[in-house]
Amino acid sequence: MHGTRILEEADRLMTVCNSCRYCEGLCAVFPAMEMRRAFSDGDLNYLANLCHACGACYTDCQFSPPHEYNVNVPKTFAIARAESWAAYVWPQAFAGVFARNGVAISIITALSVAAFIFGFAALNDRQVLFGIHTGPGAFYALMPHNAMVALFGAAFLYAILALVMGVRAFWRDIGEPVGTPADPGSLWQAMKDAAGLRYLDGGGAGCVNEDERPSDRRKIYHHLTFYGFLLCFAATSLATLGGIALLVGPAGLLVEKSKRDPALIDQQRTGMDVAFILMLFLTSITGMAVLVWRDSAAMGPLLALHLGVVFALFITMPYGKFVHGIYRYAALVRYARERRQMGHT
Ligand code: SF4
Ligand code: SF4
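First things first, this report covers the structure right here in the doc. All residue numbers refer to positions counted from 1 along the written sequence of the respective chain. Following the order in which they are written, the chains are lettered starting with A and the ligands numbered starting with 1. Only residues with pLDDT of at least 70 get local features here, since the model is predicted, and only at 80 or more are side-chain atom pairs given and counted; chain-wide, interface and lining totals rely on the full set of residues. As a convention, hydrogens and water are excluded, and side-chain values are obtained from all of the structure's heavy atoms.

So, the side chain of S284
So, point 1. Here S284 is to be found in helix 12 (residues 270-292).
So, point 2. For S284, a relative accessible area of 4% translates into the label buried.
So, point 3. The contact definition used throughout considers only heavy atoms, calling two residues in contact when any of these lie within 4.5 Å. When sequence neighbours within four positions are dropped, the list of residues in contact with S284 reads G243, L246 and L247. Starting at the N terminus, helices and strands are each numbered in turn, a helix being any DSSP run of H or I of at least four residues and a strand any DSSP run of E of at least two. For every residue, the accessible area obtained with a 1.4 Å probe (protein chains only) is divided by the maximum for its type, and the residue is called buried under 20%, exposed over 50%, and partly exposed between those limits.

This is the structure we're talking about:
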């Protein structure tokens, strides 16, 4: 007996797949499945988070609908993943709220913070908001450096704390004792697998999107988004390059998402995905707008908007699609450990 209906279904599918094993070369999920004869709730949550949602095992499966076995691994794991994230969320009170209203909550948070900064500056000194500020430190005319560090440092630390608590719950759920450090070899292997999105390629042919013709588009847009995000943080000199990647990547992911075969996805919770991708796009476009109009009177209001969006991005990170990267990395570490323990490199 499992804790939820979707885990019952995941157990049924893994039992069918373990007899079939046709898909064992497609990704990490099937080799990890083959290491087990029975599946606990934690095992199924581990496999669900190890799945990269490439869709290949659905199109390749001779038992997918309308076959009576009704095997749909990508969709079942997508629902199981989302339910697992809600179960690991810290604090628990936020579990269901964001999944249902992700876009609205993100936008309202961004606009509220922007309006607060805007109103505060306008009431104090309109010249600060609408004046032209140039040279080094011009951005701090709107909000002093220390206030900016305090506000965003607090939001960032809160996000880190919530994410650590979530991963702790995941790690414990999948059967790894909390406090047991993973070995460096497994951490490094998982980092390489995550950095190259090794398992988002449908076994080499590519990701299945709107039809049965696989392509690498999702992988490319995902890389642009991820590395664009890192570049924006890495160095100011690279921020423009990162900003462009962070415009193209999320826009591409949103287009690909709109075209995906509904049979492959969890249609109940698309708000979670869309909210995070949208906030990344808005972070980039408002940041680019600040850079372009930095020497004009529009800089103050644009900066207020950008800061509001960045604050909302940080504060909603632990409750949206961002967490998929964290849990998937932890699942890849576990997979690397299991393979090493079995003598594979
Ligand atoms: S998804 Fe279908 S083809 Fe693939 S292992 Fe499972 S039952 Fe076999
Ligand atoms: S959807 Fe892709 S990553 Fe997920 S189990 Fe199927 S083949 Fe593996």
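A word on the site of ligand 1
So, point 1. Looking at ligand 1, the residues that line it are V16, C17, C20, R21, Y22, C23, C57, C61, Q62, F63 and V71.
So, point 2. Only protein atoms enter the 1 Å grid, on which a cavity is a set of points fitting a 1.4 Å probe that cannot get out and a pocket is an open set with protein on both sides within 12 Å along at least 5 of 7 lines, lining residues being those with an atom within 4 Å of a point. Think of it this way: a molecule belongs to a cavity or pocket when more than half its atoms come within 2 Å of the grid points there. According to the grid-proximity analysis, the pocket containing ligand 1 is the second largest cavity.
So, point 3. The element that contributes the greatest number of residues to the shell around ligand 1 is helix 1 (residues 5-20), accounting for 3 residues. Throughout this document, a residue counts as near a molecule or strand when at least one of its heavy atoms sits within 4 Å of that molecule or strand.

Notes on the packing of helix 1 against helix 5 (residues 73-88)
So, point 1. To get an axis, fit a line to the C-alpha atoms, keeping to the stretch in contact for a helix; angles then go from 0 to 180 degrees between the N-to-C directions. Close contact between helix 1 and helix 5 brings their axes to 10 Å; oriented N to C, the two are set at 140 degrees. It follows from the interaxial angle that helix 1 and helix 5 lie oblique. Crossing geometry of helix 1 relative to helix 5 is assigned as left-handed. Mapping the contact onto sequence places I6, L7, E9, A10, L13, M14 and C17 in helix 1 and V73, T76, F77, I79, A80 and E83 in helix 5.
So, point 2. Of the residues assigned to the contact of helix 1 with helix 5, the class counts are 10 nonpolar, 1 polar and 2 charged. Working definition: roughly parallel below 35 degrees, roughly antiparallel above 145 degrees, roughly perpendicular at 65 to 115 degrees, and oblique for all remaining angles. For any pair of crossing helices, the crossing counts as left-handed if the nearer helix is rotated counterclockwise from the farther one by less than a right angle, and right-handed if it is rotated clockwise. Three categories are distinguished: nonpolar for Ala, Val, Leu, Ile, Met, Phe, Trp, Tyr, Cys and Pro, charged for Asp, Glu, Lys and Arg, and polar for the others, with Gly belonging to the last.

Some words on the site of ligand 2
So, point 1. Around ligand 2, a shell composed of L26, C27, V29, F30, C51, H52, A53, C54, G55, C57, V73 and P74 is seen.
So, point 2. Elements with a contribution of two residues or more to the shell around ligand 2: helix 2 (29-34) and helix 5.
So, point 3. When the residues that make up the shell around ligand 2 are grouped by side-chain class, the tally is 10 nonpolar, 2 polar and no charged.

Digging into the packing of aromatic side chains
So, point 1. Aromatic pairs are defined between Phe, Tyr and Trp rings, using the six-membered ring for Trp, whenever the two ring centres lie within 6.5 Å; interplanar angles under 30 degrees are classed as stacked, those over 60 as edge-to-face, and all others as tilted. If you walk through the whole model with that rule in mind, you get 11 aromatic pairs.
So, point 2. An angle of 65 degrees between the planes, with centres 5.6 Å apart, marks the rings of F276 and F322 as edge-to-face. Of this pair, F276 sits in helix 12 while F322 is found in the loop between helix 13 (299-316) and helix 14 (323-341), placing the two residues 46 residues apart along the sequence.
So, point 3. Looking at F276, the relative accessible area reads 14%, which means it is buried.
So, point 4. In this structure F322 comes out as buried when scored by relative accessible area, which is 19%.
So, point 5. Members of the aromatic cluster, each reached through a chain of ring pairs, are Y88, F170 and Y327.
So, point 6. The criterion is that NZ of a Lys, or CZ of an Arg, lies within 6 Å of the ring centre and within 35 degrees of the ring normal, and then a charge sits over that ring. In this structure, R334 is placed above the aromatic ring of Y46, and the distance from its NZ or CZ to the ring centre is 4.7 Å.

A closer look at empty space enclosed by the protein
So, point 1. Grid points are joined across faces, edges and corners, and a volume is the space filled by probe spheres set on the points. Inspection of the entire model under this criterion finds 5 cavities of 30 Å³ or more.
So, point 2. The computed volume of the largest cavity comes to approximately 110 Å³.
So, point 3. Forming the boundary of the largest cavity are 14 residues, of which C27, F30, C51, C54 and C57 lie nearest the centre.
So, point 4. Mapped by element, the contributors of at least two residues to the lining of the largest cavity are helix 2 and helix 5.
So, point 5. When residues of the lining of the largest cavity are assigned to their parent elements, the largest contribution, 3 residues, is made by helix 5.
So, point 6. When the residues that make up the lining of the largest cavity are grouped by side-chain class, the tally is 12 nonpolar, 2 polar and no charged.
So, point 7. Around the second largest cavity, the lining is made up of 13 residues, and of these C17, C20, C23, C61 and V71 lie nearest the centre.
So, point 8. In terms of residue count, the dominant contributor to the lining of the second largest cavity is helix 1 (3 residues).
So, point 9. Among the residues forming the lining of the second largest cavity, the class breakdown is 11 nonpolar, 1 polar and 1 charged.

Overview of the packing of helix 3 (residues 41-50) against helix 14
So, point 1. Orientation of helix 3 relative to helix 14, taken along the N-to-C sense of each, is 110 degrees, at an axis distance of 8 Å. On the basis of the axis angle, helix 3 is roughly perpendicular to helix 14. Of the two possible hands of crossing, helix 3 and helix 14 adopt the one that is left-handed. Every residue of helix 14 that contacts helix 3 at D43, Y46, N49 and L50 is listed here: Y327, R328, A331, L332, R334, Y335 and E338.
So, point 2. When its residues are assigned to classes, the contact of helix 3 with helix 14 shows 6 nonpolar, 1 polar and 4 charged.

Notes on unusual backbone geometry
For residues that are not glycine, phi is negative in most cases, and the peptide bond is trans in most cases.
So, point 1. The amide bond that connects P65 to the next residue, P66, takes the cis arrangement and shows omega of 15 degrees.
So, point 2. By secondary structure assignment, the location of P66 is in the loop between helix 4 (56-59) and helix 5.
So, point 3. A cis geometry characterises the amide bond from W90 onward to P91, with omega recorded as -10 degrees.
So, point 4. For R21, which is not glycine, the phi dihedral falls at a positive 60 degrees.
So, point 5. You can see R21 is positioned in the loop between helix 1 and helix 2.
So, point 6. For N70, which is not glycine, the phi torsion reads 50 degrees and is therefore positive.

On their own, these measurements won't tell you what the molecule is for.
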